[in-house]
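Structure at a glance
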Amino acid sequence: MRSQGFGVFFPILMSLTILAGSMEFATVSLLLGGFAPLNVFLMTLMINGRHLFYGISMLEKYKNTGLKKLYLIFGLCDETFSINYTANVPEGVDEGWFMFFVTLLNHFYWVLGASLGAVFGSCLHFDFEGLEFVMTALFIVIFLEQWNKDDSHHSSIIGIVSAILCLLVFGSESFMIPTMIVILSVLLLLRGGKRMEIRGDIHESA
Amino acid sequence: MSLLEQIMTIGVVVIATMTTRFLPFIIFPPDKKIPEIVSYLGKMLPGAALGLLVVYCFKDVNVFENNQILPSLLGGIMVVGLHLLKRNMLLSIAGGTIFYMVLVQVVF
């Protein structure tokens, strides 16, 4: 952001309040364009629409977390979701507080990183090229962990396949929403199919 | 844009982001029973959402550019391989990332 001519406080403010990696990068280009709040609103909804999935997945887990829930939901970014959903909370540790601190540390590291980058970014000389792969690696590992946990791998396969297909059809700028629609439709169709089977069984046994 | 407009723009991004995070919890408050279809989706969606996230990370890789596709592919294989062998999250993530950095900085 500094390289685009913004003050130190912009990246810090954004990492504190938005807490969504890709969206903060997109915001830089939005800030460089003209003032168009409605456009910005819709664009953000599209880029961050996947958070709806995280919310639906966490309804149960975040249920009895009291006031912490507000912060847990506020901080429900990709990283927080993937860790909180898949982590095995050690016995004797309160799950609500565990998830709270996962969220808080994610938030803290994120703001710290953005602040350090904003202040010292221009004096860094170490070649960090490729370091961004750490996120890819994290999500691959968490995907594998989830794969191990699931009895049926339908959902994981549906996610990968529909994302790749939509990426090929719609391109990298606008494949998220179509992918979400495809995932939802296939999951609902699957459920419909299962229900029919169950009904069929009942019918046969009757 | 003036400073005020810039801050308002960031504010709009925050509001829209929070809409996507809070909406499910507002529609399905804990004192109401969650419809069966939603708890079904809550169980099934994570696998798909994580799959989408993995593809999302590779979305800007140009498959026709060897110096983009090869490091991404090899780095990905490295992470999966390490994880299947050792099942140690930190090792898989650090090993894969260092390997990828060497590939993009030195090899390609």
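Residues numbered from 1 in each chain as written. Chains lettered and ligands numbered in written order. Predicted model: local features only at pLDDT ≥ 70, side-chain atom pairs only at ≥ 80, totals over all residues. Heavy atoms only, no water.

Residue and element names in this part refer to chain A. A complete count under the given rule lists 12 aromatic pairs over all chains for this structure. Consider the rings of Trp97 and Phe100, whose centres lie 5.3 Å apart with planes at 80°: the pair is edge-to-face. With Trp97 and Phe100 both in helix 7 (residues 95-120), this residue pair falls 3 residues apart, about one helical turn. An aromatic cluster is present here, built from Tyr71, Phe74, Trp97, Phe100 and Phe101 joined pairwise through their rings. (Phe/Tyr/Trp six-rings, centres within 6.5 Å; stacked < 30°, edge-to-face > 60°. Helix = DSSP H or I, 4+ residues; strand = E, 2+ residues; numbered from the N terminus.)

Turning next to the confidence of the model for chain B. For chain B, mean pLDDT is 90; residues scoring 70 or higher make up 100% of the total. For chain B, helix 2 (residues 36-57) of chain B is the element with the lowest average pLDDT, namely 86, and helix 3 (residues 66-86) of chain B is the one with the highest, namely 93. (pLDDT = per-residue confidence, 0-100.)

To continue, consider the state of the cysteines. Think of a disulfide as a covalent bridge from one cysteine sulfur atom to another cysteine sulfur atom. Scanning all chains against the criterion turns up 0 disulfides over all chains. Cysteine Cys57 of chain B remains unbridged, with the sulfur of Cys77 of chain A as its closest cysteine sulfur at 13 Å. Judged by its relative accessible area of 26%, Cys57 of chain B falls in the partly exposed class. (Disulfide = S-S within 2.5 Å. Buried < 20%, exposed > 50% of the residue type's maximum accessible area, 1.4 Å probe, protein only.)

Domain boundaries in chain B define domain 1 (1-57) and domain 2 (60-108). For domain 1 of chain B and domain 2 of chain B, the distance between their C-alpha centroids amounts to 30 Å. (Domains from an automatic or database assignment.)

Moving on, we come to helix 3 of chain B. For helix 3 of chain B, which comprises 21 residues, the first-to-last C-alpha distance of 29 Å matches the rise-based estimate of 30 Å (1.5 Å per residue) to within 8%. Those residues of helix 3 of chain B not exposed but buried are Ile69, Pro71, Ser72, Gly75, Gly76, Val79, Leu82 and His83 of chain B. Where the residues of helix 3 of chain B are buried, they touch helix 8 (133-149) of chain A together with helix 4 (89-107) of chain B. Arg87 of chain B, located one to two residues past helix 3 of chain B, shows a positive phi value of around 50°. (Expected span 1.5 Å × (residues − 1). Contact = heavy atoms within 4.5 Å.)

Within the structure shown, the criterion is met by 6 salt bridges over all chains. The salt bridge involving Asp78 of chain A is made with Arg50 of chain A; its shortest N-O contact spans 2.8 Å. Remark: Arg50 of chain A occurs in helix 4 (residues 50-58) and Asp78 of chain A occurs in helix 6 (residues 78-86); sequence separation between them is 28 residues. Under the relative-accessibility criterion, Asp78 of chain A is labelled buried at 10%. Taking the relative accessible area as the measure of exposure, Arg50 of chain A reaches 3% and is therefore buried. When the shortest N-O distance is used, the salt bridge between Arg191 of chain A and Glu36 of chain B registers 3.1 Å. Here Arg191 of chain A, found in helix 10 (residues 176-205), pairs with Glu36 of chain B, found in helix 2, and the two come from separate chains. For Arg191 of chain A, a relative accessible area of 12% gives the class buried. For Glu36 of chain B, a relative accessible area of 52% puts it in the exposed group. (Salt bridge = Lys/Arg side-chain N within 4 Å of Asp/Glu carboxyl O.)

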